[in-house]
Amino acid sequence: MSETRTAAELDQEAFVRGVLEDFYRDGKPPWDSGITPPELVALIEGPGALTAGRVLELGCGTGTNAVYLAQHGWQVTAVDLVDRAVQQAREKAAAAGSDVTVLCADATRLDEVGLPGPYDLFFDLSCYCGIPPHRRDAYTAGVTKRAAPDARLLMFGYGPGAFDDSWSGVTADELSARFAGWQLADVTPGTNPVPTFWFTLRRAAA
Ligand SMILES: C[S@@+](CC[C@H](N)C(=O)[O-])C[C@H]1O[C@@H](n2cnc3c(N)ncnc32)[C@H](O)[C@@H]1O
């Protein structure tokens, strides 16, 4: 019984990876706008902006926001599952003259690539919501282990039902349940035609 389930989970991970690789192989993926979202700009430059520190971007794609963060004084590490995305992110950082460490890594298996942290900020633009549910606790554990006291996690995610499957998407209730030791400080609906959300989580201060 449990072996069947494990095989199904492995299939799901392989399927997701294959879909992502196809997007990057076929050219510019639809999400690759090259524009840093105003929600991130507000956190970095707006009233009450965070003091620049160490940031880990999860699912960085071609690196637009990693470069933006580096240009605003942050020490940036960025990871993506797909090597073509990683290569493009490295090229984008080099072209911008930005010092960004980009690694090909699974956000649910951060121990495999070291990255001891601690990080003051985690940024996730539509990565977590596409991670198979059975890997999400590992994502949470990896982030929590690397979080500095009072760290923030700014996450954009699609709500359930946005895509034609039974499992993708994320809700505030899910994040509250999974992120023990974090406070869900803000949930702001996105402006997309399907349900989307900007979540801000805050790690407990030491
Ligand atoms: C919807 S795309 C968004 C990319 C980028 N954040 C952007 O907005 O341009 C999701 C990204 O997360 C990456 N990704 C998905 N699952 C991942 C995982 N388990 N670990 C690391 N990256 C992952 C994908 O390869 C893809 O680049």
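Going by the structure above, here's the rest.
Residues numbered from 1 in each chain as written. Predicted model: local features only at pLDDT ≥ 70, side-chain atom pairs only at ≥ 80, totals over all residues.

**Q** Can you walk me through the overall build of the protein chain in this structure?
**A** A count of helical and extended segments in the protein chain gives six helices and seven strands. In summary, the protein chain has a C-alpha radius of gyration of 16 Å against a globular reference of 17 Å for 206 residues, a match within 12%. The principal-axis extents of the C-alpha atoms in the protein chain amount to approximately 50 × 40 × 40 Å. Across the 206 residues of the protein chain, 36% fall into the buried class. Long-range contacts, defined as pairs at least 24 residues apart, comprise 66% of the intrachain contacts of the protein chain with a sequence gap of at least 6. (Helix = DSSP H or I, 4+ residues; strand = E, 2+ residues; numbered from the N terminus. Rg over C-alpha atoms; globule rule 2.2 N^0.38 Å. Buried ≥ 20, exposed ≤ 12 C-beta atoms within 10 Å, placed from the backbone. Contact = placed C-beta atoms within 7 Å.)

**Q** Honestly, the nonpolar core in this entry has me stumped. Any pointers?
**A** For soluble globular proteins, the rule of thumb is that nonpolar side chains tend to be buried together. Within the largest apolar cluster, 53 residues are counted, with the highest numbers of intra-cluster contacts made by A66 and F122. Take this core: its biggest share by element is seven residues, from strand β5 (residues 147–158). When near neighbours in sequence (up to four residues on either side) are disregarded, A66 contacts E57, C60, V76, A78, A89, A93, V100 and V102. (Core = buried A, V, L, I, M, F, W, Y, C linked by C-beta atoms within 7 Å.)

**Q** Got a minute to help me understand the sheet that holds strand β4 (residues 119–125) in this structure?
**A** Two strands in a sheet stick together by hydrogen bonds in their backbones, pointing the same way (parallel) or opposite ways (antiparallel). Strand order in the open sheet formed by seven strands is β3-β2-β1-β4-β5-β7-β6, and the pairing between neighbours is mixed. Every interior strand has two partners, whereas the edge strands, β3 (100–104) and β6 (182–189), have only one. Neighbour-to-neighbour, the strand axes of this sheet turn through a mean angle of 15°, independent of strand direction. By the bridge criterion, five bridges tie strand β2 (residues 75–80) to β3 in an arrangement that is parallel. Counterpart to D80 in the pairing with β3 is C104. (Pairing = 2+ DSSP bridges. Axes fitted to C-alpha atoms, helices over the stretch in contact; angles between N-to-C directions.)

**Q** What's the story with helix α5 (residues 136–145) in this structure? I'm lost.
**A** Residues separated by three or four positions in an α-helix point in the same direction, a consequence of the helix having 3.6 residues per turn. Of the residues making up α5, those classed as buried are Y139, T140, G142 and V143. End-on, the buried residues of α5 take up no more than an arc of 165°, which puts them together on one face. Turning to α5, the residues buried within the fold contact β4, β5 and α6 (172–178). (Arc of directions from axis to C-beta.)

**Q** Where do I start with the packing of helix α3 (residues 64–71) against helix α4 (residues 83–96) in this structure?
**A** Two quantities define a packed helix pair, namely the angle between the axes and the distance from one axis to the other. Where α3 contacts α4, the two axes come as close as 9 Å, and the packing angle between them is 35°. Considering how the two elements wind past one another, α3 and α4 form a crossing that is right-handed. For the pair formed by α3 and α4, the contact residues are T64, A66, V67 and A70 on the first element and A89, K92, A93 and A96 on the second. For the contact of α3 with α4, the residue count by class is six nonpolar, one polar and one charged. (Left-handed = near helix turned anticlockwise from the far one by under 90°. Nonpolar A, V, L, I, M, F, W, Y, C, P; charged D, E, K, R; others polar.)

**Q** Explanation requested: the environment of R54 in the structure shown.
**A** On the secondary structure map, R54 appears in strand β1 (residues 54–58). Distance in space between the C-alpha atoms of R54 and F123 is 11 Å, their sequence separation being 69 residues. The residues contacting R54, other than those within four sequence positions of it, are Q75, Y119 and D120.

**Q** So what exactly am I meant to see when it comes to α3 here?
**A** By the criterion of burial, α3 is predominantly enclosed, with seven of the eight residues buried. Along α3, the residues classified as buried are T64, N65, A66, V67, Y68, L69 and A70. Looking at the buried side of α3, the elements it contacts are α2 (38–45), β1, β2, α4, β3 and β4. Where α3 terminates, the next one or two residues include G73, which has phi positive at roughly 90°.

**Q** I tried to follow the pairing of β2 on my own but got confused; where do I start?
**A** Note on strand geometry: in a regular strand, side chains alternate between the two faces of the sheet. Burial analysis of β2 places five of its six residues in the buried class, which makes it a mostly covered element. Once you follow β1 into α3 and on to β2, the crossover reads as right-handed. (Right-handed = clockwise from strand over helix to strand, strands pointing away.)

**Q** For this particular structure, what's the right way to read the site of the ligand?
**A** Around the ligand sit 19 residues in total, of which G59, G61, L81, A107 and L125 are the nearest. By residue class, the composition of the shell around the ligand is eleven nonpolar, five polar and three charged. (Near = placed C-beta within 6 Å.)

**Q** Would you take a moment to explain the environment of G190 for this structure?
**A** Mapped onto the secondary structure, G190 falls in the loop between β6 and β7 (196–203). Residue classification places G190 among the partly exposed residues on the basis of 16 C-beta atoms within 10 Å. Separated by 121 residues in the primary sequence, G190 and L69 place their C-alpha atoms 21 Å from one another. In contact with G190, not counting residues within four places along its chain, are F156, T196, F197 and W198.

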